[in-house]
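# Descriptive analysis of the structure
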Amino acid sequence: MNYVPGTASLIDDIDKKHLVLLRDGRTLIGYLRSIDQFANLVFHQTVERIHVGKKFGDIPRGIFIVRGENVVLLGEIDLDKPCDTVLQQVSIEEILEEQRLQQQAKQETEKVKMQALKDRGLSIPKADNLDEY
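Described in the following lines is the structure provided in the data block. One numbering rule holds for all chains: residues counted from 1, following each sequence as written. Local features in this predicted model are restricted to residues of pLDDT 70 or higher, and side-chain atom pairs are both shown and tallied only at a pLDDT of 80 or more, whereas totals for entire chains, interfaces and linings draw on every residue. To get the side-chain values, all heavy atoms of the structure are used, and hydrogens and water are removed first.

### Notes on the pairing of strand β3 (residues 41–52)
Each pair of strands is called paired provided DSSP finds at least two bridges between the two strands. Every helix listed is a DSSP run of H or I at least four residues long, and every strand listed is a run of E at least two residues long, numbered separately from the N terminus. In terms of strand pairing, strand β2 (residues 27–35) meets β3 through seven bridges, oriented antiparallel. Within the sheet, the bridge partner assigned to Ile-29 lies in β3 and is Val-47. In this antiparallel pair of consecutive strands, β2 and β3, the connection spans five residues, and Ala-39 shows a positive phi of 70°. The sheet contact formed by β3 and strand β4 (residues 55–66) spans 10 bridges and is antiparallel.

This is the structure in structure tokens:
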């Protein structure tokens, strides 16, 4: 097996099913169809998988183009290995509602933390402001 540097090493993975974790936290599953020198990826028959607790839901996305700089993790899915997951698949509507509730709870927790810090005379810049630098 010869070592191929950079994105050229992904050529053998074309037309195989992959999972990709994006910088914004989304998880995509689809068939890798194309790559370029910037590690931009094109997926086919893509689904966005949302996990909340022990539940997950898949939202069909079709053809999906991912800019290379947004990829955190890329891995091939072994289709021959039996699925031994303890997760329960639920409908799109149910998983989106679970995700919304989870995000609300997280925001409430963050508000409480920020108020506690403020009461102690401390402040932490918001994450939105950090992206500007």
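### Considerations on the layout of surface pockets
A cavity here means a set of points on a 1 Å grid, drawn over the protein atoms and nothing else, where a 1.4 Å probe fits but cannot get out; a pocket is an open set with protein on both sides within 12 Å along at least five of seven lines, and a residue lines either one if it has an atom within 4 Å of a point. Grid points are joined across faces, edges and corners, and a volume is the space filled by probe spheres set on the points. Its volume calculated, the largest pocket comes out at about 420 Å³. Contributions of two or more residues to the lining of the largest pocket are made by β1 (17–22) and β3. For this classification, Asp, Glu, Lys and Arg are treated as charged, while Ala, Val, Leu, Ile, Met, Phe, Trp, Tyr, Cys and Pro are nonpolar and the rest, including Gly, are polar. Residue classes in the lining of the largest pocket are distributed as eight nonpolar, two polar and five charged. What lines the second largest pocket is Asp-24, Gly-25, Arg-26, Thr-27, Glu-48, Arg-49, Ile-50, His-51, Gln-99, Gln-102, Gln-103 and Lys-106. Contributing elements (two or more residues each) for the lining of the second largest pocket: β3 and α1 (92–119). Residue composition of the lining of the second largest pocket, grouped by class: one nonpolar, six polar and five charged.

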